[in-house]
Amino acid sequence: GQSLEQPSEVTAVEGAIVQINCTYQTSGFYGLSWYQQHDGGAPTFLSYNGLDGLEETGRFSSFLSRSDSYGYLLLQELQMKDSASYFCAVRAPRRVTGGGNKLTFGTGTQLKVEL
Amino acid sequence: KAGVTQTPRYLIKTRGQQVTLSCSPISGHRSVSWYQQTPGQGLQFLFEYFSETQRNKGNFPGRFSGRQFSNSRSEMNVSTLELGDSALYLCASSSTTGGFYEQYFGPGTRLTVT
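Presented here is a report on the structure given in the accompanying data block.

About the criteria used
- Residues numbered from 1 in each chain as written.
- Chains lettered and ligands numbered in written order.
- Predicted model: local features only at pLDDT ≥ 70, side-chain atom pairs only at ≥ 80, totals over all residues.
- Heavy atoms only, no water.
- Helix = DSSP H or I, 4+ residues; strand = E, 2+ residues; numbered from the N terminus.
- Rg over C-alpha atoms; globule rule 2.2 N^0.38 Å.
- Buried < 20%, exposed > 50% of the residue type's maximum accessible area, 1.4 Å probe, protein only.
- Contact = heavy atoms within 4.5 Å.
- Areas by Shrake-Rupley, 256 points an atom, 1.4 Å probe, with all protein chains shown as cover.
- Lys, Arg positive; Asp, Glu negative; His and termini not counted.
- Charge placed at Lys NZ, Arg CZ, Asp CG, Glu CD.
- Salt bridge = Lys/Arg side-chain N within 4 Å of Asp/Glu carboxyl O.
- Phe/Tyr/Trp six-rings, centres within 6.5 Å; stacked < 30°, edge-to-face > 60°.

**Overview of the overall build of chain A**
A tally of helices and strands in chain A yields one helix and eleven strands. Ordered by position from N to C terminus, the α and β elements of chain A give β-β-β-β-β-β-β-β-β-α-β-β. In summary, chain A has a C-alpha radius of gyration of 14 Å against a globular reference of 13 Å for 115 residues, a match within 12%. A burial count over chain A gives 48% of its 115 residues as buried. When contacts within chain A are restricted to residue pairs at least 6 apart in sequence, those whose partners lie at least 24 apart make up 59%. For chain A, the accessible surface area stands at approximately 5,400 Å², while carbon and sulfur atoms represent 47% of it. Taking the 8 positively charged and 11 negatively charged side chains of chain A as two groups, their mean positions are separated by 14 Å.

**Side note on the overall build of chain B**
Of the regular secondary structure elements, chain B holds zero helices and eleven strands. Ordered by position in the sequence, the α and β elements of chain B form the string β-β-β-β-β-β-β-β-β-β-β. A principal-axis box enclosing the C-alpha atoms of chain B has dimensions of 35 × 25 × 25 Å. In chain B, which comprises 114 residues, the share counted as buried stands at 49%. Put simply, 54% of the contacts in chain B that link residues at least 6 apart link residues at least 24 apart.

**A closer look at the pattern of salt bridges**
Tallied over the entire structure, the rule returns seven salt bridges over all chains. Between Lys112 of chain A and Glu9 of chain A there is a salt bridge whose closest N-O contact spans 3.7 Å. Of the two residues, Lys112 of chain A is situated in strand S11 (residues 109-114) and Glu9 of chain A in strand S2 (residues 9-13); the sequence distance between them amounts to 103 residues. What makes Lys112 of chain A partly exposed here is its relative accessible area of 36%. Within this structure, Arg63, Glu82 and Asp85 of chain B form a network of salt bridges that share partners.

**Re the packing of aromatic side chains**
By the definition in use, this model includes twelve aromatic pairs over all chains. Geometrically, the ring pair formed by Phe105 of chain A and Phe105 of chain B is edge-to-face, given 6.2 Å between the ring centres and 70° between the ring planes. With one member in each of two chains, Phe105 of chain A in strand S10 (residues 104-105) and Phe105 of chain B in strand S10 (residues 104-105) form a pair that bridges those chains. As far as burial versus exposure is concerned, Phe105 of chain A and Phe105 of chain B are alike and both buried. A centroid spacing of 5.6 Å and a plane angle of 45° characterise the contact between Tyr35 of chain B and Phe105 of chain B, whose relative ring orientation is tilted. Here the residue Tyr35 of chain B occupies a position in strand S4 (residues 31-38), and Phe105 of chain B occupies one in strand S10, the gap between them amounting to 70 residues. Taken as a pair, Tyr35 of chain B and Phe105 of chain B share a single burial class, namely buried. One aromatic cluster in this structure is built from Tyr35, Phe45, Phe87 and Phe105 of chain A together with Tyr35, Phe45 and Phe105 of chain B.

See the structure below:
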């Protein structure tokens with residue numbers, strides 16, 4: 001099976017940097033994704049790491065270490081609009097799922113940005 | 001391009017009834033996945049359809065079923081509703097399947113079972 005753990009809540013001030021961690025246990029692995037979800041909204045894709053290392057997209061960066069079964073999302077220059085829930089998700093490879101787009105999501109981290 | 005649309009947005013049903021939810025993917029997308037989101041269980045995968053065929057299925061009872069039409073629109077059905085089925089049901093579309101492809105989520109259908 002697959003399970004992913006994230007902190008339930010993180011609080012930071014506007015302009016700061018925050019890191020949201022994700023540790024996973026999977027029977028197979030095919031990359032780590034991150035999604036953002038505002039209250040009452042739909043999850044939106046932020047980033048994907050298929051290989052070890054850092055991926056940067058504007059103020060957001062995501063890191064993956066497959067040997068440590070660990071990844072994180074880094075948010076820089078925090079803005080009030082970044083207050084949302086953040087989910088990491090894994091997709092198992094074909095040999096595990098038989099193919100397809102099944103995502104297993106983490107428990108989610110609620111980020112609160114304060115003035 | 002128009003995004004993923006889901007209808008209805010809100011629904012109230014009584015225990016024992018059945019319900020059908022609809023999802024229209026982004027034009028050109030052939031994969032539609034369904035997820036259930038609850039405060040206690042988080043986001044859980046229900047099933048995925050690609051070219052009218054079910055590709056994957058999550059760990060949900062047989063009361064949960066789905067289908068996909070030739071135009072890629074998808075429906076999911078829940079029969080004999082239980083109180084625990086109250087949740088936000090999200091569908092996500094993707095251009096194809098089998099590799100990493102970004103999934104685009106719809107706004108969801110909020111189902112309340114009384």
